[in-house]
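Results of the structural survey
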Amino acid sequence: MLDMGFEPQIRRIVLEDNMPPTGERQTLMFSATFPKKVQELARRFLDNYIFLAVGRVGSTSENITQKVVWVDEPDKRSFLLDLLSAVNPNGANPGDSLTLTFVETKKGADALEHFLHREGYPVTSIHGDRTQREREEALYSFKSGRTPILVATAVAARGLDIPNVKHVINFDLPSDIEEYVHRIGRTGRVGNLGLATSFFNEKNRNMALDLVELISEAKQELPDWLSALAKDVHGEMRSSNQRKVNSGRRWVSVRMVGLAYLCC
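Treat the numbers as computed from the prediction; the structure is a model and nothing was measured. (Residues numbered from 1 in each chain as written. Predicted model: local features only at pLDDT ≥ 70, side-chain atom pairs only at ≥ 80, totals over all residues. Heavy atoms only, no water.)

**A short note on the pairing of strand S5 (residues 165-170)**
Every regular strand shows the same layout, with side chains that alternate between the two sheet faces. In terms of residue burial, S5 counts as a mostly covered element, since five of its six residues are buried. Two elements, strand S2 (residues 98-102) and S5, share five bridges in a ladder whose sense is parallel. The residue of S5 that forms the bridge with Thr99 is His167. Note on the crossover from S5 through helix H6 (residues 177-184) to strand S6 (residues 194-200): the handedness is right-handed. (Buried < 20%, exposed > 50% of the residue type's maximum accessible area, 1.4 Å probe, protein only. Helix = DSSP H or I, 4+ residues; strand = E, 2+ residues; numbered from the N terminus. Pairing = 2+ DSSP bridges. Right-handed = clockwise from strand over helix to strand, strands pointing away.)

Take a look at the structure:
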């Protein structure tokens, strides 16, 4: 909640409403990721702050099989249909095997839901433009297996514990690795096994290095093309940093010459 920008609301609830004051209440915060900035925010609401970590903060569970596949943008929908059909040849997942598909935008969620519905798949969606009642109805329909495919934005990436989510699909990859960790964490929960499939293309180059590190750490199969791409991105970053260093040196040299000229 802090990471998603709800600090003012949390501050009002904790400090201004009828909440017992700090020191007279016990407050616990749980998260798969806990960036330094969010830790600093958390300290403001806690007393005798203690940080406990199980495994590496920001890592993923080995119970989740992570697959990254290269899918060009125009081919995503047809690839998704192949993926869903592979789960159940009749075109509908059983109620005990739910599929959560993430997209980046609310417009994209609506469009993908309508597309899958036209293709005959039992699907619903959830995003920030839906009312609370609509969200609850969509989640109930998903949990009950009536619509075992849920298309969602980042609004469903955190805080939801839905049993029987066997497959998380990143139709659109997020822009940062923390969001990726939260998304795929909707499956493989409480000791269960899960599958996370992510569609990757040129738009996601910025994720290559972090994905390689995360997948390798979780002892998952790493595609050769992703490993090669990560090396290219790393090389590009080093070259860019070197250019910045050289540019800074030239700026210092010019300034020193200017100062010498003024002194003379």
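**Observations concerning the sheet that holds strand S4 (residues 149-152)**
The parallel open sheet is built from six strands, whose spatial order is S1-S6-S5-S2-S4-S3. Both edges of this open sheet fall to strand S1 (64-70) and strand S3 (123-126), since each of them pairs with a single strand only. Ignoring strand direction, the axes of neighbouring strands in this sheet form an average angle of 20°. Here four bridges tie S2 to S4, and the two strands are oriented parallel to one another. If you follow Thr99 over to S4, its bridge partner there is Ile149. Along the sheet face, H6 touches S1, S2, S5 and S6 and points at about 150° away from the line of S5. (Axes fitted to C-alpha atoms, helices over the stretch in contact; angles between N-to-C directions. Contact = heavy atoms within 4.5 Å.)

**Examining the side chain of Ser97**
Position of Ser97 among the secondary structure elements: in the loop between helix H3 (76-87) and S2. Using a relative accessible area of 17% as the deciding quantity, one classes Ser97 as buried.

**A short note on the confidence of the model for the protein**
Per-chain confidence: the protein averages 83 in pLDDT, with 83% of residues scoring 70 or above. Between the elements of the protein, mean pLDDT differs from a low of 72, seen in helix H8 (residues 224-263), to a high of 96, seen in helix H4 (residues 106-118). (pLDDT = per-residue confidence, 0-100.)

**So, H4**
Taking 1.5 Å as the rise per residue, H4 with 13 residues should run 18 Å; its terminal C-alpha atoms sit 19 Å apart, in good agreement. Along H4, the residues classified as buried are Ala109, Leu112, Glu113, Phe115 and Leu116. Axial view of H4: buried residues confined to an arc of 165°, hence all on one face. Away from the buried face of H4 by more than 90 degrees, exposed residues Lys107, His117 and Arg118 are located. (Expected span 1.5 Å × (residues − 1). Arc of directions from axis to C-beta.)

**Some words on unusual backbone geometry**
Positive phi values are uncommon outside glycine, yet Asn164 reaches one of about 70°. Mapping Asn164 onto the fold places it in the loop between S4 and S5. Of note, Lys219 is a non-glycine position whose phi angle comes to about 60°, a positive value. Inspection of the secondary structure puts Lys219 in the loop between helix H7 (208-217) and H8. What makes Lys219 exposed here is its relative accessible area of 65%.

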